[in-house]
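Observations on the model geometry
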Amino acid sequence: MSEPQLAESRVAGSQIAESRVAEPVAGTRASGFFAGRGPADPGLALFLNAGDPGLDRLAELVHLLDAERVDCLELAVPFPDSVTDGPVIRRSADRALAAGVDLDAVLGFVDRVRPGLRHTRIALLADWSHSVRAVGLEEFLRRARGAGADATLLHGLPPLARRRYLAAAARIGQPVVTTCYPGSDPEVLAESAEFASAYLYLVAHYGRSGTAPAPDRAELAPVIARLRALTAAPLAVGFGVRTAADVAAMGGIGADAAIVGSALVAEVERAAADGADLGERFTGFVAGLRPPARGVRTGTT
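Here is a short report on the structure shown in this document.

Rules behind the numbers
Residues numbered from 1 in each chain as written. Predicted model: local features only at pLDDT ≥ 70, side-chain atom pairs only at ≥ 80, totals over all residues. Heavy atoms only, no water. Helix = DSSP H or I, 4+ residues; strand = E, 2+ residues; numbered from the N terminus. Expected span 1.5 Å × (residues − 1). Buried < 20%, exposed > 50% of the residue type's maximum accessible area, 1.4 Å probe, protein only. Contact = heavy atoms within 4.5 Å. Polar contact = N/O pair within 3.5 Å; in protein donor to acceptor, adjacent residues only side chain to side chain. Pairing = 2+ DSSP bridges.

Quick look at helix H2 (residues 55-67) now. Its 13 residues give H2 an end-to-end C-alpha distance of 18 Å, which sits within 8% of 18 Å, the value for a rise of 1.5 Å per residue. Taken as a whole, H2 has its buried residues at Leu55, Leu58, Ala59, Leu61, Val62, Leu64, Leu65 and Asp66. Its buried side turned inward, H2 meets strand E1 (43-49), strand E2 (72-76), helix H4 (103-113) and helix H12 (278-288). Arg69 sits one or two positions beyond H2 and adopts a positive phi of about 60 degrees.

Structural data, given as structure tokens:
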């Protein structure tokens with residue numbers, strides 16, 4: 001994904017335990033994200049807003065990504081006015097919202113699409129205020145798990161709700177993606193590592209998606225090494241990752257995967273404006289993120 005799911009100012013509040021809330025239990029490491037990947041052959045996660053393109057067309061494209069052996073689709077329930085996103089992803093979310101796409105529609109989409117995927121896993125991103133608060137944390141997690149989401153990411157979760165979220169996810173058996181930044185406090189790094197039951201998203205920069213420079217390898221490498229010592233979960237780096245060179249560079253400093261968001265969403269927007277075949281654009285985009293020697297691999301998971 002291209003955007004930080006939990007801003008550090010929100011994450012820091014999780015250090016304050018609520019006396020009436022049980023401590024979360026670290027989740028299982030068996031969610032299977034980026035299985036077989038690693039620094040020598042980094043995995044690939046792509047971000048899209050559900051509903052941009054429309055859900056029927058998107059279903060075809062998700063199966064195409066699966067055929068291309070994209071490891072993860074970070075699929076967002078669209079929400080307005082994201083403070084962590086730049087104009088490309090915000091326009092995408094607005095198009096999906098204008099089409100009437102909401103949490104129910106996205107869960108129904110996941111339920112239809114997920115059984116046919118052989119390689120790609122789906123990490124469902126939802127905003128606390130827009131999509132989760134009204135249904136409640138546990139109900140959201142149960143519905144996400146029931147629909148087949150391989151993991152959840154929550155955007156804008158209030159600090160005092162974070163422990164409840166992690167505890168509920170562990171009880172329900174729903175893997176979660178945790179996040180941190182290179183400059184996060186040691187306590188935040190440790191908590192993100194401990195509770196990453198799907199994968200840990202290391203957000204390379206502060207700021208808005210689509211506006212960040214390429215990740216700073218010198219800054220990230222020691223953080224990845226530190227996180228590697230704290231968790232068995234895969235480590236994925238995003239925010240500013242746009243090219244095959246960026247993906248390879250993330251592997252070169254020890255990441256298991258790279259996350260690409262705004263660059264793909266911009267490709268969707270350009271294809272619509274040009275009247276181009278979106279399937280061909282997707283195939284070309286994925287191929288362009290892989291070193292020529294790697295190509296498209298065959299076989300099954």
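Resuming the write-up.
It is worth spelling out unusual backbone geometry at this point. Among all residues except glycine, the phi angle is most often negative; among peptide bonds, the trans geometry is most common. Cis geometry marks the peptide bond from Asp52 to Pro53, where omega comes out at 5 degrees. Secondary-structure assignment places Pro53 in the loop between E1 and H2. Positioned with a positive phi, Arg69 is a non-glycine residue whose angle comes to about 60 degrees. Considering the arrangement of structural elements, one finds Arg69 in the loop between H2 and E2. Even without glycine at this site, Asp81 takes up a positive phi of about 60 degrees. Residue placement: Asp81 occurs in the loop between E2 and helix H3 (87-98).

As a further point, take the side chain of Ser184. Position of Ser184 among the secondary structure elements: in the loop between strand E5 (177-180) and helix H8 (186-194). Of the residues examined, Ser184 reaches a relative accessible area of 7% and is grouped as buried. In terms of polar contacts, Ser184 uses its side chain to reach the backbone amide nitrogen of Tyr181, at 2.8 Å.

Here strand E3 (residues 121-127) lies mainly inside the structure; seven of its seven residues are buried. Across the two faces of E3 the burial is the same, with Arg121, Ala123, Leu125 and Asp127 and Ile122, Leu124 and Ala126 all buried. Bridge count for E2 against E3 is five bridges, and the pairing is parallel. Each residue of the ladder has a partner; that of Glu74, found in E3, is Ala123. Of the pairings in the sheet, the one linking E3 to strand E4 (residues 151-155) comprises five bridges and is parallel in character. Paired with Asp127 across the strands is His155, a residue of E4.

All quantities given are derived from atomic positions and should not be read as evidence of function.
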